[in-house]
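Listed below, chain by chain, are the residues.
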Amino acid sequence: MTNADHPFPSALAVLVSGGLDSAILLGEAVRTCTAVHPLYVRNGLSWERVELLHLRGFLGAISAPHLGPLTVLEMPVADLYGDHWSLTGRGVPGAETPDEAVFLPGRNVLLLSKAILWCHLHAVPAVALAPLESNPFPDATDAFFTAYQNVVNQAVGGSVRVLRPYLGLAKAEVMGRGRDLPLGLTFSCLRPAGGRHCGACNKCAERRRAFADAGMTDPTAYDREPA
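Notes on the structure in this doc start here.

Calculation criteria
Residues numbered from 1 in each chain as written. Predicted model: local features only at pLDDT ≥ 70, side-chain atom pairs only at ≥ 80, totals over all residues. Heavy atoms only, no water. Helix = DSSP H or I, 4+ residues; strand = E, 2+ residues; numbered from the N terminus. Rg over C-alpha atoms; globule rule 2.2 N^0.38 Å. Buried < 20%, exposed > 50% of the residue type's maximum accessible area, 1.4 Å probe, protein only. Contact = heavy atoms within 4.5 Å. Phe/Tyr/Trp six-rings, centres within 6.5 Å; stacked < 30°, edge-to-face > 60°. Lys NZ or Arg CZ within 6 Å of the ring centre and 35° of its normal. Pairing = 2+ DSSP bridges. Right-handed = clockwise from strand over helix to strand, strands pointing away. Polar contact = N/O pair within 3.5 Å; in protein donor to acceptor, adjacent residues only side chain to side chain. Disulfide = S-S within 2.5 Å. Core = buried A, V, L, I, M, F, W, Y, C linked by side-chain atoms within 4.5 Å.

## Brief notes about the overall build of the chain
(1) Moving on: Along the chain, the regular secondary structure elements total eight helices and five strands.
(2) Moving on: Taken against the 2.2 N^0.38 rule, which gives 17 Å for 227 residues, the C-alpha radius of gyration of the chain at 17 Å falls within 12% of a compact globule.
(3) Moving on: By residue count, 53% of the 227 residues in the chain fall in the buried class.
(4) Moving on: Look at the contacts in the chain between residues 6 or more apart in sequence, and 72% of them connect residues 24 or more apart.

Right under this line is the structure:
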């Protein structure tokens, strides 16, 4: 579904990370809605401190009267993930690895449980997130989102909708929607180096491709350039 097919409601929560897709989604929501609530779910992952710094900078740059403050929800996963690379920063998937290498088990289960409940408790009718058509993970399917939305709502007698407005879009199309946004303030890296993008991980490689495929100048300062 696209924005044109499914307009945003007037009030909307947006699940944001520091990355390109969710930042562009947030920017579009700010242009469209009368009340926008950015939500960040902190899992204790190794890049989150730097990611949050970038996200706060991005929010400041697109500030608007109807853009609410960032809400940070806590959902630590150390007791589940143990010594997983996402927590330790060791063995992070490199630039040549496939998308499947960055799978975080139950990622959308963790994110959406608190996001849907937050919306229910704050009378916000919908939460949007930004999976693309190319997302290969089992918790990014239509069946998952429909079932999970329904079961969480059932648990509280709620009716919060989960929106995925970029579902039918390729990365380059989403990038085109964000040409006028301060995308240099976004963050997409699994192993920050001195507060910057490392330039060598799976997500840094994806970020470079995104700007190149969209025909846009990449404003990112990488700690390492490709070999």
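Alright, that's what it looks like, and here's the rest.
## Details of the packing of aromatic side chains
(1) Moving on: Under the definition given, this model contains four aromatic pairs.
(2) Moving on: Taking 5.3 Å as the distance between ring centres and 15° as the angle between the ring planes, the aromatic pair formed by Phe-144 and Tyr-148 counts as stacked. Of this pair, Phe-144 and Tyr-148 are both found in helix 6 (residues 142-156), four residues apart, which corresponds to roughly one turn of the helix.
(3) Moving on: By relative accessible area, which is 15% here, Phe-144 ends up buried.
(4) Moving on: Site record: aromatic cluster; members linked through ring pairs are Phe-144, Phe-145 and Tyr-148.
(5) Moving on: One cation-aromatic arrangement involves Arg-208 over Tyr-222; the distance from NZ or CZ to the ring centre is 3.9 Å.

## Looking at the pairing of strand 3 (residues 71-74)
(1) Moving on: Here strand 2 (residues 35-42) pairs with strand 3 via four bridges, running parallel. Of the residues in strand 3, the one forming a bridge with Tyr-40 is Val-72.
(2) Moving on: Crossover strand 2 to strand 3 through helix 2 (residues 48-61) is right-handed.

## Regarding unusual backbone geometry
(1) Moving on: Phi at Ala-123 takes a positive value of approximately 55°, unusual for a residue other than glycine.
(2) Moving on: With respect to the element layout, Ala-123 can be found in the loop between helix 5 (107-121) and strand 4 (126-128).
(3) Moving on: Judged by relative accessible area, which is 69%, Ala-123 ranks as exposed.

## Here we look at the environment of Ser-22
(1) Moving on: Inspection of the secondary structure assignment puts Ser-22 in helix 1 (residues 20-32).
(2) Moving on: The class of Ser-22 is buried, set by a relative accessible area of 7%.
(3) Moving on: In this structure, the C-alpha to C-alpha distance between Ser-22 and Thr-34, residues twelve residues apart in sequence, is 18 Å.
(4) Moving on: With residues near it in sequence (within four places) discarded, Ser-22 still touches Val-14, Leu-15, Val-16, Ser-17 and Ala-130.
(5) Moving on: A polar side-chain atom of Ser-22 sits 3.1 Å from the main-chain amide nitrogen of Ser-17.

## Here's the deal with the state of the cysteines
(1) Moving on: The full count for this structure, using the stated rule, is zero disulfides.
(2) Moving on: Cys-33 carries a free sulfur, and the closest cysteine sulfur to it, the one in Cys-119, is 12 Å from it.
(3) Moving on: A relative accessible area of 5% means that Cys-33 is categorised as buried.

## What to know about the nonpolar core
(1) Moving on: The biggest cluster of nonpolar side chains holds 42 residues, and the ones touching the most others in it are Leu-15, Leu-112 and Val-127.
(2) Moving on: Where this core is concerned, the elements lending two or more residues are strand 1 (11-15), strand 2, helix 4 (85-88), helix 5 and helix 6.
(3) Moving on: Looking at this core, the element that brings in the most residues is helix 5, giving seven residues.
(4) Moving on: Beyond its immediate sequence surroundings of up to four residues, Leu-112 is in contact with Leu-15, Val-127, Leu-129, Phe-144, Phe-145, Tyr-148 and Val-162.

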